[in-house]
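Reading the structure
Each chain, letter by letter, is given below.
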Amino acid sequence: GMPVEQNPPALSLYEGAESGLRCNFSTTMKGVQWFQQNHRGRLITLFYLAQGTKENGRLKSTFNSKERYSTLHIKDAQLEDSGTYFCAVARGYKLTFGTGTSLLVDP
Amino acid sequence: EAAVTQSPRNKVAVTGGKVTLSCNQTNNHNNMYWYRQDTGHGLRLIHYSYGAGSTEKGDIPDGYKASRPSQENFSLILELATPSQTSVYFCASGDGTGGAYEQYFGPGTRLTVL
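The written sequence of each chain sets the order in which its residues are numbered from 1. Here the convention is simple: chains get letters from A, ligands get numbers from 1, in the order in which they are written. With pLDDT at 70 or above as the cut-off, local features in this predicted model cover only qualifying residues; side-chain atom pairs require 80 or more to be listed or tallied, and sums for whole chains, interfaces and linings still use all residues. Hydrogens and waters are ignored; side-chain quantities use all the structure's heavy atoms.

1. Some points on the pattern of salt bridges
Residues and elements named next belong to chain B.
- Throughout this description, the term salt bridge denotes a Lys or Arg side-chain nitrogen within 4 Å of a carboxyl oxygen of Asp or Glu. One pass over the full model with this rule turns up five salt bridges over all chains.
- The shortest N-O distance in the salt bridge between R44 and D38 comes to 2.7 Å.
- Any residue under 20% of the maximum accessible area for its type is buried, any over 50% is exposed, and the rest in between are partly exposed; the area is computed with a 1.4 Å probe on protein chains only. Residue classification places R44 among the partly exposed positions, given a relative accessible area of 29%.
- Given the relative accessible area of 16%, D38 is considered buried.
- One continuous salt-bridge network, built from bridges that share partners, spans R36, D38 and R44.

2. A word on the sheet that holds strand β8 (residues 69–74) of chain A
Residues and elements named next belong to chain A.
- Between any two strands, pairing holds if DSSP finds at least two bridges. Starting at the N terminus, helices and strands are each numbered in turn, a helix being any DSSP run of H or I of at least four residues and a strand any DSSP run of E of at least two. With antiparallel pairing, the five strands of this open sheet are ordered in space as β1-β3-β8-β7-β6. What marks the edges here is a single partner per strand, and that holds for β1 (4–7) and β6 (52–56). Looking at each pair of strands side by side, their axes are set apart by 15° on average, direction ignored.
- Across four bridges, the pairing between β1 and strand β3 (residues 19–25) is antiparallel. Considered in β3, the bridge of Q6 is made with C23. Fitted lines through C-alpha atoms give the axes, limited to the stretch in contact for helices. The angle between two N-to-C directions lies from 0 to 180 degrees.

3. Describing the environment of E55 of chain A
Residue and element names in this part refer to chain A.
- Within the secondary structure, E55 is located in strand β6.
- Considering only alpha carbons, one finds E55 and H73, 18 residues apart in sequence, at a separation of 9.3 Å.
- Excluding residues within four positions of it along the chain, E55 makes contact with F47, K60 and K75. When checking whether two residues touch, look at their non-hydrogen atoms; a contact exists if any pair is within 4.5 Å.

Below is the structure:
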């Protein structure tokens, strides 16, 4: 499948800090789905976007299909935000996953 | 609550044996998917289905078969399991109509092939 690039591959934050994760892809996509994978291995959907911006508490995501990228912004990072974050882009009714960003939040 | 469930949750198999992983969804979704996740990779699509009786090859189908006997159930079959198929397998469902591209994932099955 078409590669989906996620940056950075790894990130460390202190509690209360904020940062952004980026997902780049090479062709126009139908949408993007962001996941957090926790220490138990479960995939938790954070957002699905077909366009524009969505916000949920401390998390905010944007999807720019024309410019071929999506972002996930985390503010006021908490210990429970630690985990691996994946973006997956919708090419028709199939998803192509990026390789993830590993986030560690330290006290 | 609508859900995607997988069984078994953990499985140890021997090389050359047959393994069947099962997935059930109560979302009444048309589409179902099987992915595998290996260290250093995101999830990769093995097989998918648009409805009962249909199966399609994904990006990495070699060594796997799939079966969709009903709207609710989708199985992944390893006829001759190999150690390279040791992985975590995820099932997902998606509406598949009217531009609804979001997928809903099960908890995963950890398969070890010895």
